[in-house]
Every structure is written in structure tokens, then in C-alpha cells.
Amino acid sequence: MLQLQGKIRDYAWGSLTAIPELMGSDPTGDPQAEYWLGGHPLAPATLDGVGLDTVFKSTPQWFGVRDDRYPVLMKILAADHPLSLQAHPDRDQAQVGFDQENLEGIPLDAPNRIYRDPWAKPEIIVALTDFDVLCGFRDPATTVDLFKRLGVGESFARVIAPLSMRKGSPGFAEVFLNILSHDHPNYVEEVLHLAHQYTEDDTDLGEFARTATELNHFFPQHRSILAALLLNRIHLEPGQGLFIPTRTLHSYLGGVGVEVMGCSDNVLRGGLTKKHISVDELIRVVDFSPCEMTCVDTTDEAGFTRYLTESHEFILWRGDLASEPIQIPGTDTCRIVLVVEGEAELSQDDTTLELIAGQAVLLPVGEKVTACGSATIFIGAPGVTP
């Protein structure tokens with residue numbers, strides 16, 4: 001058992017208080033958006049002051065993975081306002097994009113750089129508080145119906161007409177491209193004006209209207225609000241998880257959660273941001289197929305809740321500990337254990353380690369560890385990459 005120190009990421013959308021409160025530290029006055037526990041070279045966690053990326057190279061026998069880097073990134077994420085509309089490439093797209101931008105000589109830290117590494121980034125978010133997400137394109141007939149019930153005029157109705165005229169992904173791609181490529185402030189103003197009439201309704205139209213007005217609070221009159229309204233809105237209760245495959249357009253609207261993902265920082269932004277947007281690259285990478293997004297299924301594994309995802313990159317469990325010791329799930333790879341609430345006691349042979357909320361440990365390959373206490377913990381591990 002090796003105690004792991006994560007790295008704070010201070011993005012502007014982060015909460016001033018959520019991560020400090022969880023970790024029992026004093027707020028700094030700056031937003032703290034994410035707490036990274038992984039080996040990504042941008043912000044590697046440390047073991048005794050040594051970056052996990054360096055430890056991985058010097059002692060690969062601890063990790064049990066056959067890749068050239070530690071492939072999983074676990075985070076605490078605390079969003080006080082919506083993140084940008086974004087999607088992440090699959091492995092093949094990431095490799096091609098990374099190589100191409102290297103050939104073009106674009107520095108890794110350049111603001112117009114899209115591919116900062118050659119890796120995929122599927123992800124799961126598990127809510128610690130109420131958590132809202134926009135994710136995946138809603139059924140096109142439902143979207144057209146919502147705008148119609150909102151009362152949009154004929155001019156904007158023609159903008160979204162491809163959702164009815166062209167089935168599936170071609171219709172969404174055309175509407176999305178039209179929204180982002182042309183400036184239609186009157187359409188945004190029209191939709192927002194109409195939305196204010198329905199924000200108190202306890203219906204699907206009321207939720208649709210509230211999404212528009214909430215986004216406008218943070219991104220006034222931004223045309224990509226119209227793009228965001230094409231997506232499903234998902235509400236997560238604490239403990240529920242949502243898996244977001246690569247190529248899926250999404251935005252976290254707000255809340256605190258544990259996020260586990262492929263160890264990548266590739267982000268293609270599609271709106272709700274002042275940062276660089278490459279519309280052509282979005283059209284190439286994003287999957288515009290309509291889909292229904294639901295919470296991931298779970299299963300009990302010897303007293304731990306395992307979140308069942310399609311990802312080969314990672315495995316995730318949650319454990320609600322009691323006084324009776326229980327063995328932490330084992331794999332053929334290392335595991336990271338993160339305490340998010342209460343106090344946990346981890347034991348291995350004659351060694352005992354007491355952890356409080358916000359603390360984490362790395363369990364090298366083969367270590368059999370039991371846990372007890374009054375605490376909620378998460379265990380993340382590399383998956384099986386085909």
C-alpha cells in the first residue's frame with residue numbers, strides 16, 4: 001500500500017469549496033475543478049514526491065499493464081457551472097490527429113492544439129451529489145416536437161428541419177454544423193424568450209426550457225446554446241453513474257462526482273466556450289447518431305458495487321464500508337483506492353493504514369488488502385485492453 005498524492009486542477013468552472021470540503025482543507029479563494037489521481041504527464045499524482053508516470057517507468061512490475069503509460073485517470077470533479085460542449089476521439093482518431101498535429105509543428109500547449117496525446121478517453125462519472133449532464137443526441141422527432149411546442153417561428157423551424165427530413169446522424173450533423181457555422185443571434189434570442197414562459201412547468205418542455213435559460217446565465221446569447229438543446233439531459237442521484245463513450249458530445253452542467261477515464265487530455269470543444277473550436281474536426285470525430293442515455297448498470301461483487309461499462313480502459317467499484325473487514329476486489333493490475341467520505345482502515349498482513357476523505361493509495365499488483373471503517377471508497381483499476 002503506497003499513499004498517493006493527487007494534483008489539483010484549477011479550471012474556471014470549478015467550485016470554490018467542494019473539493020476543499022471533501023478533503024478537509026481550507027479553500028484558497030480560487031476554483032478547484034478537479035483532483036487528478038493518475039499518471040498523465042500534465043499533472044501526475046505522486047508517490048513520495050515522485051510522479052506516477054516516472055514510477056510507472058521505473059517499477060513497471062507494480063502496475064501489471066502492457067502499455068507504455070499508466071492507462072487510467074481517476075478524478076474528483078466539482079463543477080459550479082457548465083463545462084464546454086465536448087467530445088473525445090477514439091484511439092484511432094487520437095493517433096491520427098496527434099501525429100498530424102506533430103507534423104504541422106503545433107506545440108502541445110498551443111491553444112489551437114486539439115490532440116495532446118495519442119490515447120482514447122472513454123469516461124464514467126459517478127455522482128457524489130445531485131449531478132446534471134447533457135449527453136448524446138436526443139431522438140430527432142422528440143427534439144423537433146420540443147421546439148415546436150416551445151413555439152418557434154417558421155424561420156428557425158427551417159433550421160432544424162433536417163432532423164425530420166434526413167433520418168439519424170446526417171440530420172443532426174447538418175443542423176449542428178449550421179448552428180455553429182452561422183451567426184443567428186435572433187434565433188437564440190427567440191428561443192430564450194419563448195423558454196422563459198415554460199421554466200416553471202414540471203414537464204419535459206419545462207426541463208427543455210430550463211436548460212436553455214440555465215445555459216444562457218453562463219453563456220449569454222451564445223449560439224451554441226441551440227446546439228446544446230439537441231442533447232439528452234440526464235440527472236444523476238448520488239451513487240448513480242453515467243458512461244460516456246468516445247465520440248459522444250456532452251457537457252457536465254454541475255455537481256460533484258468521481259470520474260474515471262482513459263488517461264487522455266484530448267478534448268474537441270463544440271460550444272459553450274471561448275476556447276478554440278474546430279468545426280470540421282468535430283464533424284469528423286463526433287458520432288451524430290441519436291441515442292438514449294441511461295445510468296450504467298451495476299452488480300455486487302463480494303460486497304462492492306461494480307459499475308458495468310463498455311470500456312476496456314478501466315474498471316470501477318464503489319464500497320460502503322462497515323466495521324467488518326472486507327477484501328478489496330483484486331485484478332491482474334494495480335488499483336487506486338480513494339476515500340470520499342468518512343474514515344477507512346486498510347490492512348495488509350501486519351500493516352494498517354488509516355485514511356480519511358480525500359486520501360488515496362496505490363495497491364500494486366498482487367497485494368491482498370482488506371478495508372473496514374465507516375466510509376465510502378472508490379477503487380479504480382486498468383481494464384483489459386484488447
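Residues numbered from 1 in each chain as written. Predicted model: local features only at pLDDT ≥ 70, side-chain atom pairs only at ≥ 80, totals over all residues. Heavy atoms only, no water.

Side note on the environment of Asn 232
Argument step 1. Along the chain, Asn 232 turns up in strand β10 (residues 231-236).
Argument step 2. For the pair Asn 232 and Arg 138, spaced 94 residues apart in sequence, the C-alpha to C-alpha distance is 5.0 Å.
Argument step 3. Among all residues touching Asn 232, those that are not within four sequence positions of it are Val 133, Leu 134, Cys 135, Gly 136, Phe 137, Arg 138, Cys 291 and Met 293.
Argument step 4. Separated by 2.9 Å, the side chain of Asn 232 and the backbone oxygen of Cys 291 make a polar contact. (Helix = DSSP H or I, 4+ residues; strand = E, 2+ residues; numbered from the N terminus. Contact = heavy atoms within 4.5 Å. Polar contact = N/O pair within 3.5 Å; in protein donor to acceptor, adjacent residues only side chain to side chain.)

Comments concerning the layout of surface pockets
Argument step 1. One number sums up the size of the largest pocket: a volume of about 900 Å³.
Argument step 2. Together, 42 residues line the largest pocket, and Trp 13, Ser 84, Val 267, Arg 269 and Lys 275 are the ones closest to its centre.
Argument step 3. Among the secondary structure elements, those contributing two or more residues to the lining of the largest pocket are β3 (34-38), β6 (72-79), β12 (250-262), β13 (268-271) and α11 (279-285).
Argument step 4. Counting residues per element, the lining of the largest pocket draws most heavily on β12, at four residues. (1 Å grid on protein atoms, 1.4 Å probe; cavity = no way out; pocket = protein on both sides within 12 Å on 5 of 7 lines; lining within 4 Å. Points joined across faces, edges and corners; volume = space filled by probe spheres on them.)

Remarks on the pattern of salt bridges
Argument step 1. Counted under the stated rule, the structure contains ten salt bridges.
Argument step 2. Its salt-bridge partner being Arg 149, residue Asp 145 comes within 3.2 Å of it at the nearest N-O pair. Taken together, the positions of Asp 145 and Arg 149, both in helix α4 (residues 140-150) and four residues apart, correspond to about one turn of that helix.
Argument step 3. A salt bridge links Arg 318 to Asp 320; its shortest N-O distance comes to 3.4 Å.
Argument step 4. Here the residues in one salt-bridge network are Glu 34, Lys 75 and Glu 259, joined through shared partners. (Salt bridge = Lys/Arg side-chain N within 4 Å of Asp/Glu carboxyl O.)

Description of the side chain of Ser 224
Argument step 1. Of note, Ser 224 is situated in helix α10 (residues 224-228).
Argument step 2. Overall, Ser 224 belongs to the buried group, its relative accessible area being 0%.
Argument step 3. Polar contacts involving the side chain of Ser 224 include one to the main-chain amide nitrogen of Leu 272, which spans 2.7 Å.
Argument step 4. Residues within four places of Ser 224 in sequence aside, it is in contact with Leu 85, Leu 180, Gly 270, Gly 271 and Leu 272. (Buried < 20%, exposed > 50% of the residue type's maximum accessible area, 1.4 Å probe, protein only.)

Overview of unusual backbone geometry
Argument step 1. Although it is not a glycine, Gln 221 adopts a positive phi angle of roughly 60°.
Argument step 2. Looking at where Gln 221 falls in the secondary structure, it is placed in the loop between α9 (204-218) and α10.
Argument step 3. With a relative accessible area of 39%, Gln 221 lands in the partly exposed category.
Argument step 4. Phi is positive for Arg 247, which is not a glycine, with a value near 75°.

Here we look at the packing of α4 against α9
Argument step 1. Across the interface, α4 lies against α9 with an axial gap of 10 Å and an inter-helix angle of 85°. In terms of orientation, α4 lies roughly perpendicular with respect to α9. Contacts between α4 and α9 involve Leu 146, Phe 147, Arg 149 and Leu 150 on the former and, on the latter, Asp 204, Leu 205 and Phe 208.
Argument step 2. Class assignment for the residues of the contact of α4 with α9 results in five nonpolar, no polar and two charged. (Axes fitted to C-alpha atoms, helices over the stretch in contact; angles between N-to-C directions. Parallel < 35°, antiparallel > 145°, perpendicular 65-115°, else oblique. Nonpolar A, V, L, I, M, F, W, Y, C, P; charged D, E, K, R; others polar.)

Looking at helix α3 (residues 91-103)
Argument step 1. Counted at 1.5 Å a residue, the expected span for α3 with its 13 residues is 18 Å, and the 18 Å between its end C-alpha atoms agrees.
Argument step 2. Within α3 the residues assigned to the buried category are Gln 93, Ala 94, Gly 97, Phe 98 and Glu 101. The arc that holds the buried residues of α3, viewed along the axis, is 125°, so those residues lie on one side. Along α3, exposed side chains directed more than 90 degrees from the buried face belong to Asp 92, Val 96 and Leu 103.
Argument step 3. Next to the buried residues of α3 lie α11.
Argument step 4. In this structure Asp 90 caps α3, since a side-chain oxygen of it lies 3.3 Å from the backbone nitrogen of Asp 92. (Expected span 1.5 Å × (residues − 1). Arc of directions from axis to C-beta.)

A word on the nonpolar core
Argument step 1. Formed by 49 residues in total, the largest nonpolar core has its most connected members in Phe 137, Phe 147, Leu 150, Phe 156, Phe 176, Val 191 and Leu 230.
Argument step 2. Every residue in contact with Phe 147, bar those within four places of it in the chain, is listed here: Val 152, Phe 156, Ile 160, Val 191, Phe 208, Leu 229 and Leu 230.
Argument step 3. Of all hydrophobic cores here, the second largest spans 35 residues; its members include Ala 45, Val 55, Cys 334 and Phe 378. (Core = buried A, V, L, I, M, F, W, Y, C linked by side-chain atoms within 4.5 Å.)

Remarks on the packing of aromatic side chains
Argument step 1. All chains considered together, the criterion is met by twelve aromatic pairs.
Argument step 2. Ring centres of Phe 147 and Phe 156 lie 5.1 Å apart, and the angle between their planes is 65°; this geometry places the pair in the edge-to-face category. For the residue pair Phe 147 and Phe 156, the accessibility class agrees, reading buried in each case.
Argument step 3. The structure contains a cluster of three or more aromatic residues connected by ring pairs, namely Phe 137, Phe 172, Phe 176 and Phe 288. (Phe/Tyr/Trp six-rings, centres within 6.5 Å; stacked < 30°, edge-to-face > 60°.)

Some words on the pairing of β3
Argument step 1. Within β3, five of the five residues are buried, leaving the element largely enclosed by the surrounding structure.
Argument step 2. Neither face of β3 is exposed, since Glu 34, Trp 36 and Gly 38 on one face and Tyr 35 and Leu 37 on the opposite face are all buried.
Argument step 3. Relative to β3, strand β2 (residues 7-9) runs antiparallel, the two being bridged by three bridges. Pairing of Arg 9 across the sheet is with Glu 34, part of β3.
Argument step 4. Inspection of the sheet shows β3 paired to β6 by five bridges, in the antiparallel sense. In the sheet register, Glu 34 faces β6, and the bridge partner there is Leu 77. (Pairing = 2+ DSSP bridges.)

Keep in mind these numbers describe shape, not what the thing actually does.
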